[in-house]
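If you want the building blocks of each chain, they are given just below.
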Amino acid sequence: MLPKNGYQRKRNLFDPKSPQPFRLSRSRLENFLGCPRCFYLDRRLGVEPPGIPAFTLNSAVDALLKTEFDLYRRQKKPHPIMEQFGVKAIPFIHPQLDEWRENFKGVQFHHRETNLIVTGAVDDLWVDPSSGDVFVVDYKATSTEGRISLDQEYRQAYKRQMEIYQWLLRKNGLNVNAVGYFVYCNADKSKPLFSSKLEFSIEVIPYEGNDGWVEDAVLRAHRCLMGPRLPESAENCEYCQYRRLSFSMENPRSEASAQGELF
Ligand code: SF4
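Residues numbered from 1 in each chain as written. Predicted model: local features only at pLDDT ≥ 70, side-chain atom pairs only at ≥ 80, totals over all residues. Heavy atoms only, no water.

For the protein, the count of helices and strands is nine helices and eight strands. Its C-alpha atoms give the protein principal-axis dimensions of roughly 65 × 55 × 35 Å. Across the protein, the mean location of the 36 positive side-chain charges is 5 Å away from that of the 34 negative side-chain charges. (Helix = DSSP H or I, 4+ residues; strand = E, 2+ residues; numbered from the N terminus. Lys, Arg positive; Asp, Glu negative; His and termini not counted. Charge placed at Lys NZ, Arg CZ, Asp CG, Glu CD.)

To continue, consider the site of the ligand. Around the ligand, the neighbouring residues are C35, R37, C38, S233, A234, C237, Y239, C240 and R243. Tallied by class, the residues present in the shell around the ligand amount to six nonpolar, one polar and two charged. (Near = heavy atom within 4 Å. Nonpolar A, V, L, I, M, F, W, Y, C, P; charged D, E, K, R; others polar.)

Moving on, we come to the confidence of the model for the protein. Mean pLDDT over the protein works out to 92, with 94% of the residues at or above the 70 mark. Within the model, the stretch residues 258-263 combines pLDDT values under 50 with 11 contacts to residues more than four positions away or in other chains. (pLDDT = per-residue confidence, 0-100. Contact = heavy atoms within 4.5 Å.)

Turning to the state of the cysteines, a few remarks are in order. Disulfide: a covalent bond formed between the sulfur atoms of two cysteine residues. As enumerated under the stated definition, the model contains zero disulfides in all. We note that C224 lacks a disulfide partner, and the nearest cysteine sulfur, in C35, lies 8.9 Å from it. (Disulfide = S-S within 2.5 Å.)

In this section: the nonpolar core. Judged by nonpolar contacts, the single largest core of 40 residues is most densely connected at L29, L125, L169 and L174. Not counting residues up to four positions away in its chain, the partners in contact with L169 are W100, V107, V122, L125, V136, L174 and V176. Core analysis: the next-biggest nonpolar cluster, separate from the first, contains 15 residues, V61, F69, V87 and W126 among them. (Core = buried A, V, L, I, M, F, W, Y, C linked by side-chain atoms within 4.5 Å. Buried < 20%, exposed > 50% of the residue type's maximum accessible area, 1.4 Å probe, protein only.)

Checked against the element boundaries, G173 lands in the loop between α6 (156-171) and β7 (179-187). Residues G173 and N236, 63 residues apart in the sequence, show an inter-C-alpha distance of 39 Å.

Below, the discussion takes up the packing of helix α1 (residues 26-34) against α6. Relative placement of two packed helices is described by the angle separating their axes and the distance separating the axes. Running from N to C, α1 and α6 cross one another at 130 degrees; their axes reach a closest spacing of 11 Å. Judged on the interaxial angle alone, α6 and α1 are oblique. Here α1 and α6 pass one another in a crossing that is right-handed. Note on element contacts: α6 touches α1 through A157, R160, Q161, I164 and Y165, opposite R26, L29, E30 and L33. Class assignment of the residues belonging to the contact of α1 with α6 gives a composition of five nonpolar, one polar and three charged. (Axes fitted to C-alpha atoms, helices over the stretch in contact; angles between N-to-C directions. Parallel < 35°, antiparallel > 145°, perpendicular 65-115°, else oblique. Left-handed = near helix turned anticlockwise from the far one by under 90°.)

In this structure, N12 is a non-glycine residue whose phi angle is positive, near 55 degrees. Note on placement: N12 falls in the segment before β1 (22-25). On the basis of relative accessibility, which here comes to 51%, the residue N12 falls in the exposed class.

A separate point is the sheet that holds β7. By definition, the strands of a sheet pair up through backbone hydrogen bonds, in either a parallel or an antiparallel sense. Judged by pairing direction, the sheet is mixed, and its five strands sit side by side in the order β2-β5-β6-β7-β8 without closing on themselves. Only two strands of the sheet have a single partner each, and these edge strands are β2 (90-91) and β8 (200-208). Sheet topology places strand β5 (residues 124-127) next to strand β6 (residues 134-142); four bridges connect them, and they run antiparallel. Bridging across to β6, D124 finds its partner in V137. Strands β2, β5, β6, β7 and β8 of the sheet are contacted by helix α3 (residues 56-75), whose axis makes an angle of about 140 degrees with β6. Strand contacts of α6: β5, β6, β7 and β8, with the helix running at about 150 degrees to β6, the strand carrying the most contacts. (Pairing = 2+ DSSP bridges.)

Structural data, given as structure tokens:
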């Protein structure tokens, strides 16, 4: 969100000369992968992209699922949905689990080579009691009549999200299985009446992750932050096209506008 006073943000900026570790969240790393230029504008220069409204209904589903899985965690039993989908695991018990699920803490790893503290908050972890393997679990809420598939373009970010969590947890010494699970809650909008309730069907979708790219992404994000100038924009970003067009309309005589090199 842009600062209300219209100035650049002065806090939480990456300073190439600072010896202090710098926190880099999973979502900021994802921003870097989407566009190094906006990432640099935000983390290095303090110009944040406009905020988006919170997905409060999704958050409500997340909170209720957490409460429900915690019930089975205390009982050391699998949730019926895990049995229904053939997942041989129970909710994981670990003294740091609450911290790992907390948004502004999360799982943390100090990457010494870059002095970045990479963070990410997981929704849940399950464990296979016989092997000790831990599974990363991510809750998702949607409403679709079609089949839920992880192959859609925008869901590639969900896979990267899972793989960053797997990387972070392995760096914290956990024996993380390559398979993670998405618990997908799909709201039924075909009911004749709302009657003050949404009804969901729940699906557990396994995904085999590969975190082999994460370390390289952290190194590249760091190189980007250390650089003296703005990197290139991502191609085909509709916001940049909007910015370019707006600028050229508002400044028809500007030299940059004439050259078509505005940002
Ligand atoms: S292409 Fe432009 S607007 Fe889009 S993310 Fe990058 S710098 Fe931001």
